[in-house]
Amino acid sequence: MSRHIFVTGGVVSSLGKGLTSASIGMLLERRGLKVRMQKLDPYLNVDPGTMSPFQHGEVYVLDDGSETDLDLGHYERFTSGILNRDSNYTTGQIYSSVIEKERRGEYLGRTVQVVPHITDEIKSCILSLATPDVDVVITELGGTVGDIEGLPFLEAIRQIPLDIGKENCMFIHLTLVPYLKAAREAKTKPTQHSVQQLREIGIQPDILIVRTERPIGREHTDKIALFCNVEKRAVIEEVDKEFSIYEVPVGLVEHGLDELICRKLNLNAGPLQMEDYRQLVHRIRNPRHEVTIAVVGKYIEHRDAYKSIYESLDHAGFAHSTQINVKRIEAEELERQGPEMLLKGVDGLLVPGGFGMRGIEGKIQAIQFAREHEIPFFGICLGMQCAVIEFARNVLGLSEANSSEFSSDTPHPVICLLEGQKTVNRKGGTMRLGAQPCVLTAGTKTQKAYGATEISERHRHRYEFNPEYRRQFTSAGMEISGASPDGSLAEIIELTAHPWFLAVQYHPEFKSKPHKPHPLFRDFVEACLQRRQGRSGVTTP
Ligand code: GLN
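Note that the structure is a prediction, hence the values are computed from the model and not measured.

J.: What am I meant to see in the sheet that holds strand β18 (residues 432-440) here?
T.: Within a beta sheet, neighbouring strands are joined by backbone hydrogen bonds and run either parallel or antiparallel to one another. As summarised here, the arrangement of the nine strands in space is β13-β12-β14-β15-β23-β22-β21-β18-β19, forming an open sheet in which the pairing is mixed. Of all strands in the sheet, those bounded by a partner on one side alone are β13 (322-330) and β19 (454-461). The mean angle between the axes of side-by-side strands here comes to 25°, regardless of whether they run parallel or antiparallel. As defined by bridge partners, strand β14 (residues 348-351) adjoins strand β15 (residues 377-380) across three bridges and the pair is classed as parallel.

Now the structure itself:
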């Protein structure tokens, strides 16, 4: 029978609950267990696909096309368990499904209520992951204990031990112990209050993971144990990591977290296999080189808006023992100051995905600068569309070329709406989404990077390279290095006469892992490193 771990958070948001949950998943997998992970988000949006990256950070896309919370990115980077539509539920989704059932008459005239109908729906979403082959289901609850909208979820997870047996469930609560500089003291009271709130709801946490800026020591953790009714050894401090988020799992092992979980849930686990991972962490902590890569985007100010891109750059850096310094540039700022000022001295340029026309001209200027100065360039989704527009305007001489997303009456819509998108009005789940096959052109940089001829990558867009212009581009030196299997959609472009200028219509950042960087990120960083070192022949381990 599958066991269930529920991860809740208290005191404040942004404690790294997703990262901690993913780390727990990793430790259990590395003890030979089969893990499935899931995030429950109490907001009313049906999925994060319609939420602004300014507010909510990146939308993470799965193979099956689900548009999900960015914590699922951590799950995929840290574990190998399959994620799909069942891996992320929101209040909006739960209510939609209950209301639909009501309309179909499935409740046979009964009054439909939060308890039991909404809570039953939540429980069935959680329990559906517990298939016979799964040892542990980890369910992370978004938000913080005490949020009104989170209550039905807490009520649902309170009930699950009654349904499937207490011995099969455990509750892990993540809190904060702030350090008050004025008092020169770590304060445990917010943690005590947060656990009190949980216990009022009827949930007694088994383990407390306490986030701290600096080590707080036994004295404080013992006090927390006493006041929160938790075993002393089950209060684990998780101190901020100096170098990288990838150190988190190692820190948790040092506090015996995997052992605590396996014992409490009576799991038949193997010994912990962490050696290769420890080596990776050692490499992360001791880089031999560094490069500076400019990321020019619209949502730069939100730290998480390009989360997977920053992580993928880091993964590529790990493979080359290279520290990546990201220079985040607001595209509109680049329009004001010009590329010479802002891109001086950078070793590479990355233009990520995005929507809407704000900042587009800045991105195009940046790309022109990279193309003309032989700076390695990597364009992703909107970044590829901007590269196509730039090439059309400045190389093909089509000075008014544009995407029909930004100019409906451009005489040269080199990027235009996909045929199937022309009649779409509804938002949410209506773009070209999820894994799509792509065939690579032999002999290109792309094909050499992948070492394959057919690949699958995740998409999230409505617009596409206009096939009517393809011939003009290719004869001027922009090669289509990857296309849909029927050849109709150009998915990848590269410039033949440039050290490394490559752009993709999909999102490679969703498939990179710390120990297995995405091949295009890996080669992009290698090109940046070569530019930095001013010589060729940097070897890829
Ligand atoms: N706005 C563009 C489109 O819809 C690009 C989308 C993206 O970058 N994810 O095609």
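Next comes the rest of the write-up.
J.: Explain the pattern of salt bridges here, please?
T.: Pairing between side chains of opposite charge can happen when the charged atoms of each approach one another. In the structure shown here, the tally under the stated rule is 35 salt bridges. For the salt bridge of Arg432 with Glu464, the shortest nitrogen-to-oxygen distance reads 3.6 Å. Taken together, the residues span a long stretch of sequence, with Arg432 in strand β18 and Glu464 in strand β20 (residues 463-465) at a distance of 32 residues. Summarising the burial analysis for this pair, Arg432 and Glu464 share the class buried. The residue Arg432 makes a salt bridge to Glu491 at a minimum N-O spacing of 2.9 Å. With Arg432 in strand β18 and Glu491 in strand β22 (residues 490-495), this residue pair connects regions lying 59 residues apart in the sequence. Of the two residues, Arg432 and Glu491, neither departs from the other in class, the shared state being buried. Three or more residues joined by partner-sharing salt bridges are found here, namely Arg31, Asp258, Glu259 and Arg263.

J.: Which parts of the structure should I look at to understand the site of the ligand?
T.: Near the ligand you find Gly353, Gly354, Phe355, Cys381, Leu382, Gln385, Glu405, Arg460, His461, Arg462, Tyr463 and His507, and these make up its full shell. Here a nitrogen atom of the ligand and a backbone polar atom of Arg460 are 2.9 Å apart. Relative to its free-state accessible area of 300 Å², the ligand is covered by the protein chains to the extent of 98%. Secondary-structure elements contributing two or more residues to the shell around the ligand are α16 (382-394) and β19. Looking at the shell around the ligand residue by residue, the classes come out as four nonpolar, five polar and three charged.

J.: Can you walk me through the sheet that holds strand β17 (residues 413-417) in this structure?
T.: Strand order across the open sheet formed by three strands is β16-β17-β20, with mixed pairing between neighbours. On the outer flanks of this sheet lie β16 (402-403) and β20, each paired with one strand and no other. Summarising the sheet, β16 and β17 pair through two bridges and their orientation is parallel. If you follow Ser403 over to β17, its bridge partner there is Ile415. Of the strands in this sheet, β16, β17 and β20 are in contact with α16, which crosses β17 at around 150°.

J.: What is the right way to read the side chain of Lys298 from this model?
T.: Note on placement: Lys298 falls in the loop between β12 (289-297) and α12 (307-319). Salt bridges are absent for the buried Lys298, whose nearest opposite-charge side chain, Glu405, sits at 7.5 Å. Leave out the neighbours within four places in its chain, and Lys298 touches Phe54, Tyr306, Glu330, Phe355, Gly356, Arg358 and Lys363.

J.: Help me understand the nonpolar core in this model?
T.: Taken as a class, soluble globular proteins show a tendency for nonpolar side chains to be buried jointly. Among the nonpolar cores identified, the biggest contains 57 residues, and Ile5, Leu28, Ile138, Ile207, Ile261 and Tyr277 are the most heavily contacted of them. Top element by residues in this core is helix α1 (residues 17-29). It accounts for six residues. When neighbours within four sequence positions are excluded, Ile261 is seen to be in contact with Ile5, Ile24, Leu28, Met170, Ile172, Ile207 and Leu267.

J.: Hey, could you run me through the packing of aromatic side chains in this one?
T.: If you walk through the whole model with that rule in mind, you get 14 aromatic pairs. Ring centres of Phe391 and Phe473 lie 5.6 Å apart, and the angle between their planes is 25°; on these two criteria the pair is classed as stacked. Pair noted here: Phe391 is in helix α16 and Phe473 is in helix α18 (residues 470-475), with a separation of 82 residues, a long-range link. Take Phe391 and Phe473: they sit in the same class, and that class is buried. Both rings, one in Phe465 and one in Phe473, keep their centres 5.0 Å apart while their planes meet at 65°; by these two values the pair is edge-to-face. For Phe473, a relative accessible area of 0% corresponds to the buried category.

J.: Would you take a moment to explain unusual backbone geometry for this structure?
T.: With the exception of glycine, the majority of residues adopt a negative phi angle, and the majority of peptide bonds are in the trans configuration. Geometrically, the link from Val115 to Pro116 is a cis peptide bond, its omega value of 10° lying close to zero. Unlike most non-glycine residues, Leu108 shows phi in positive territory, near 50°. As for its position among the elements, Leu108 is in the loop between α4 (91-103) and α5 (114-127). By relative accessible area, Leu108 is classed as exposed at 69%. Unusually for a residue other than glycine, Asn229 sits at a positive phi of about 65°. When its relative accessible area of 47% is taken as the criterion, Asn229 is described as partly exposed.

J.: Where do I start with the packing of α12 against helix α19 (residues 519-533) in this structure?
T.: Helix-helix packing is described using two parameters, namely the angle between the two axes and the distance between the axes. Two elements in contact, α12 and α19, have axes separated by 8 Å at closest approach and are oriented at 65°. As judged from the angle between their axes, α12 and α19 are roughly perpendicular. With respect to the hand of their crossing, α12 and α19 are arranged in right-handed fashion. Between α12, through Ile309, Ser312, Leu313, Ala316 and Gly317, and α19, the contact on the second element is made entirely by Phe521, Arg522, Phe524 and Val525. Looking at the contact of α12 with α19, its residues break down into six nonpolar, two polar and one charged.

J.: Any chance you could explain a nonpolar patch on the surface here in plain terms?
T.: A grouping of Tyr95, Ile99, Val114 and Val115 is seen on the molecular surface, where their side chains present a nonpolar patch of about 310 Å² in accessible area. Going through the elements one at a time, α4 and α5 are the ones with two or more residues in the nonpolar patch. Considering the arrangement of structural elements, one finds Tyr95 in helix α4.

J.: I tried to follow α16 on my own but got confused; where do I start?
T.: It helps to recall that an α-helix has 3.6 residues per turn; residues three or four apart then point in one direction. Between its terminal C-alpha atoms α16 stretches 18 Å, which fits the 18 Å expected from 13 residues at 1.5 Å a residue. For α16, a buried count of 12 out of 13 residues is recorded, marking the element as mostly surrounded by other parts of the structure. Residues of α16 that are buried include every one of Leu382, Gly383, Met384, Gln385, Cys386, Ala387, Val388, Ile389, Glu390, Phe391, Ala392 and Arg393, and no others.

J.: Would you take a moment to explain the pairing of β13 for this structure?
T.: Within a regular strand, the side chains alternate between the two sheet faces. Two strands pair when backbone bridges link them, and β12 and β13 are joined in this way by nine bridges, in the parallel orientation. Along β13, the bridge assignment pairs Val296 with Ile329. Viewed along the sheet, the connection from β12 through α12 into β13 turns out right-handed.

Rules used in this analysis
Residues numbered from 1 in each chain as written. Predicted model: local features only at pLDDT ≥ 70, side-chain atom pairs only at ≥ 80, totals over all residues. Heavy atoms only, no water. Pairing = 2+ DSSP bridges. Helix = DSSP H or I, 4+ residues; strand = E, 2+ residues; numbered from the N terminus. Axes fitted to C-alpha atoms, helices over the stretch in contact; angles between N-to-C directions. Salt bridge = Lys/Arg side-chain N within 4 Å of Asp/Glu carboxyl O. Buried < 20%, exposed > 50% of the residue type's maximum accessible area, 1.4 Å probe, protein only. Near = heavy atom within 4 Å. Polar contact = N/O pair within 3.5 Å; in protein donor to acceptor, adjacent residues only side chain to side chain. Areas by Shrake-Rupley, 256 points an atom, 1.4 Å probe, with all protein chains shown as cover. Nonpolar A, V, L, I, M, F, W, Y, C, P; charged D, E, K, R; others polar. Contact = heavy atoms within 4.5 Å. Lys, Arg positive; Asp, Glu negative; His and termini not counted. Core = buried A, V, L, I, M, F, W, Y, C linked by side-chain atoms within 4.5 Å. Phe/Tyr/Trp six-rings, centres within 6.5 Å; stacked < 30°, edge-to-face > 60°. Parallel < 35°, antiparallel > 145°, perpendicular 65-115°, else oblique. Left-handed = near helix turned anticlockwise from the far one by under 90°. Patch = residues over 30% accessible without salt bridge, like charges linked within 9 Å, V, L, I, M, F, W, Y side chains within 5 Å. Expected span 1.5 Å × (residues − 1). Right-handed = clockwise from strand over helix to strand, strands pointing away.

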